[in-house]
Amino acid sequence: MIKMSEMNELQTLRHTASHVMAQAVKRLFPEVKLAIGPAIDTGFYYDFDSEHKFTPDDLEDIEKEMKKIAKENLKIERFELPREEALELMKDEPYKCELIRDLPEDAVISFYKQGEFTDLCAGPHVNYTSKIKAYKLLSATGAYWRGNEKNKMLQRIYGTAFLTKPELEEHLNQLEEAKKRDHNKLGRELELFTTSDLIGQGLPILLPKGARVIQLLQRFVEDEEQKRGWQLTKTPLMAKSDLYKLSGHWGHYKEGMFILGDEEKDDEVFALRPMTCPFQYQAYLNRGRS
Ligand SMILES: [Zn+2]
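Calculation notes
- Once a new chain begins, its residue numbering starts again from 1 and follows that chain's sequence as written.
- A pLDDT threshold of at least 70 governs which residues receive local features in this predicted model, and a stricter bar of 80 or more applies before side-chain atom pairs are shown or counted, although totals over entire chains, interfaces and linings include all residues.
- Each side-chain value is worked out from all heavy atoms of the structure, with water and hydrogens disregarded.
- In this text, helices come from DSSP runs of H or I with a minimum length of four residues, and strands from runs of E with a minimum of two, each type numbered from the N-terminal end.
- Radius of gyration: C-alpha atoms only; globule rule: 2.2 Å multiplied by the number of residues to the exponent 0.38.
- Each residue gets one of three labels from its accessible area relative to the maximum for its type: buried under 20%, exposed over 50%, partly exposed in between, using a 1.4 Å probe on protein chains only.
- Criterion for a disulfide: a pair of cysteine sulfur atoms within 2.5 Å.
- Should a side-chain nitrogen of Lys or Arg be within 4 Å of a carboxyl oxygen of Asp or Glu, the pair is scored as a salt bridge.
- Each metal site lists N, O and S donors within 2.8 Å (3.2 Å for Na, K and Ca). With water left out of the atoms, a site can look as if it is missing ligands.
- Like charges within 9 Å and nonpolar side chains (Val, Leu, Ile, Met, Phe, Trp, Tyr) within 5 Å are joined into patches, using only residues over 30% in relative accessible area that form no salt bridge.
- For the area figures, the Shrake-Rupley method with a 1.4 Å probe applies, and any residue is considered shielded solely by the protein chains shown.
- For the purposes of this section, nonpolar cores are sets of buried Ala, Val, Leu, Ile, Met, Phe, Trp, Tyr and Cys residues that join through side-chain atoms within 4.5 Å.
- Note on definitions: a residue-residue contact is assigned when non-hydrogen atoms from the two residues lie within 4.5 Å.
- When DSSP finds at least two bridges between two strands, those strands are taken to pair.
- The span expected for a helix works out to 1.5 Å for each residue beyond the first.
- It is the directions from the helix axis to the C-beta atoms whose arc is reported.

Trainee: Quick question: what am I supposed to make of the overall build of the protein chain here?
Mentor: Counting secondary structure elements, the protein chain contains 10 helices and 13 strands. The C-alpha radius of gyration of the protein chain comes to 28 Å, more than 25% above the 19 Å expected for a compact globule of 290 residues. Dimensions along the principal axes, computed over C-alpha positions, put the protein chain at roughly 80 × 45 × 45 Å. Evaluated residue by residue, the protein chain yields a buried proportion of 34% over its 290 residues.

Shown next as structure tokens:
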């Protein structure tokens, strides 16, 4: 069990690790613009606006620079600024300016400074960069600014950090083990399934072995259900709009339903069933019940 105080300590450390990483990135790629860099459950990340796509080699270089920054043992200091001065300080960082402008009028605008690097940040942080000892950069992926696909695609670097080196080693080990058990990798190797770009990568084609596994599981579940007194019905995959009007689906969820036909032109319009309950109710009505 991790104690709450340890959890906060870890979060603080990870957040500082994200700042140290951003400082390292700025040293190696000065043209990069900073977005945000929070601590997360498994470590931390930082989003950068960068024309250059970070490679695994870059991650190694950034890690090395982080090591230097830790060695420099820079003091991490907090300060506050009024809005206008905050915008002036961050004038070369458009994403930070956007964040500052979005803050409520009466918000305290705080910064954290370590050596030549200053970041808009609510904190808290550890007090010296030398506290960042057990960390590892894990991957770089694309991420939209503010998670919105209409915004610019940024480069996100994920990393993790721990209070001690053995804890980091254990976590990295677990990640390795999880990779070996990745169903997407194993399923293909065992020829359980494959995918095709023409169909869609999220839509697996079950090969004979995979289909057999599903078949056996399905039989097991059906037998088990029968043993436990559940009764099976089979209802159509679609129905007239009349059913969904009665159930309320039409009024509430029409926009999200797959409709066959055109309400304006056709006498009857059908829709694929979004759920089975209205159909089960019709099965129930099959005979009079007390
Ligand atoms: Zn921060």
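Trainee: I'm lost on the state of the cysteines in this one. Help?
Mentor: The term disulfide refers to a covalent linkage connecting the sulfur atoms of a pair of cysteines. Enumeration over the complete set of coordinates arrives at zero disulfides. In this model Cys-97 remains outside any disulfide bridge; the closest cysteine sulfur is found in Cys-121, 16 Å from its own.

Trainee: What's the story with the pattern of salt bridges in this structure? I'm lost.
Mentor: Two side chains of opposite charge can pair, provided their charged atoms sit close to one another. Scanning the model with the defined rule gives 23 salt bridges in all. When the shortest N-O distance is used, the salt bridge between Glu-65 and Arg-27 registers 3.1 Å. Of this pair, Glu-65 sits in helix H2 (residues 56-71) while Arg-27 sits in helix H1 (residues 4-28), and the two are 38 residues apart along the sequence. By relative accessible area, Glu-65 is classed as buried at 10%. For Lys-152, the salt bridge identified is with Glu-51, shortest N-O distance 3.7 Å. With Lys-152 in the loop between strand E7 (134-144) and strand E8 (153-162) and Glu-51 in the loop between strand E3 (43-49) and H2, this pair connects stretches of sequence that are 101 residues apart. In this structure, a network of salt bridges that share partners links the residues Arg-27, Glu-65, Lys-68, Glu-72 and Glu-116.

Trainee: In this structure, what is going on with the coordination of the zinc ion? I would like to understand it.
Mentor: Ideal donor angles around a metal are set by the shape: a four-donor tetrahedron calls for 109.5 degrees, a six-donor octahedron for 90 or 180 degrees. Those protein atoms acting as donors to the zinc ion are His-15 (NE2), His-19 (NE2) and Cys-121 (SG), and they sit at 2.0 to 2.3 Å. In the primary structure, the donors to the zinc ion are separated according to the pattern H-x3-H-x101-C. Of this pair, His-15 and His-19 both sit in helix H1, separated by four residues, roughly a single helical turn. Since its relative accessible area comes to 16%, His-15 is described here as buried. Residue classification places His-19 among the buried positions, given a relative accessible area of 1%.

Trainee: I keep staring at a nonpolar patch on the surface and nothing clicks. Help me out?
Mentor: Together, Met-238, Phe-258, Leu-260 and Leu-272 make up a nonpolar patch on the protein surface, roughly 390 Å² of accessible area in all. Looking at the element boundaries, Met-238 is found in strand E11 (residues 238-240). Residue classification places Met-238 among the partly exposed positions, given a relative accessible area of 37%.

Trainee: Please clarify how the nonpolar core should be interpreted in this entry.
Mentor: Note that soluble globular proteins tend to have their nonpolar side chains buried in a common cluster. Counting residues in hydrophobic clusters, the biggest one holds 29 residues, and the most contacted among them are Met-21, Val-25, Phe-48, Ile-62 and Ile-157. Among the elements that take part in this core, H1 stands out by supplying seven residues, more than any other. Beyond its immediate sequence surroundings of up to four residues, Ile-157 is in contact with Met-21, Val-25, Phe-44, Tyr-45, Tyr-46, Phe-48, Phe-54, Leu-59, Ile-62, Leu-137, Ser-139 and Ala-140. Leu-81, Ile-100, Ile-109 and Leu-154 belong to the second largest nonpolar core, which has 14 residues in total.

Trainee: What should I look at first to understand the sheet that holds strand E12 (residues 259-260) in this one?
Mentor: Strand-to-strand pairing in sheets goes through backbone hydrogen bonds, with the strands running parallel or antiparallel. With antiparallel pairing, three strands are arranged side by side in an open sheet as E11-E13-E12. Whereas interior strands pair on both sides, the edge strands pair on one side only; in this sheet they are E11 and E12. In the sheet, E12 pairs with strand E13 (residues 270-272) via two bridges, with the strands oriented antiparallel. Residue Leu-260 lies in a different strand from E13, and its bridge partner there is Phe-270.

Trainee: I tried to follow H2 on my own but got confused; where do I start?
Mentor: The end-to-end C-alpha distance of H2, which contains 16 residues, comes to 23 Å, matching closely the 22 Å that a straight helix rising 1.5 Å per residue would cover. Turning to H2, its buried residues number three or more, namely Asp-58, Leu-59, Ile-62, Glu-63, Glu-65, Met-66, Ile-69 and Ala-70. Within H2, the buried residues cover an arc of 165 degrees as seen down the axis, which keeps them to one side. Across H2 from its buried face, at more than 90 degrees, point the exposed residues Asp-57, Lys-64, Lys-67 and Lys-71.

Trainee: What's the story with the pairing of E3 in this structure? I'm lost.
Mentor: Two faces make up the sheet, and in a regular strand the side chains alternate between them. Where burial is concerned, most of E3 is hidden: seven out of the seven residues are buried. Side chains of E3 alternate between two faces, with Gly-43, Tyr-45, Asp-47 and Asp-49 and Phe-44, Tyr-46 and Phe-48 buried alike. Pairing between strand E1 (residues 33-34) and E3: two bridges, direction antiparallel. Paired with Leu-34 across the two strands is Phe-48, which belongs to E3. Here strand E2 (residues 39-40) hands over to E3 after two residues, the two strands then running antiparallel side by side. Summarising the sheet, E3 and E8 pair through five bridges and their orientation is antiparallel. Across the sheet, Phe-48 pairs through a bridge with Gln-155, a residue of E8.

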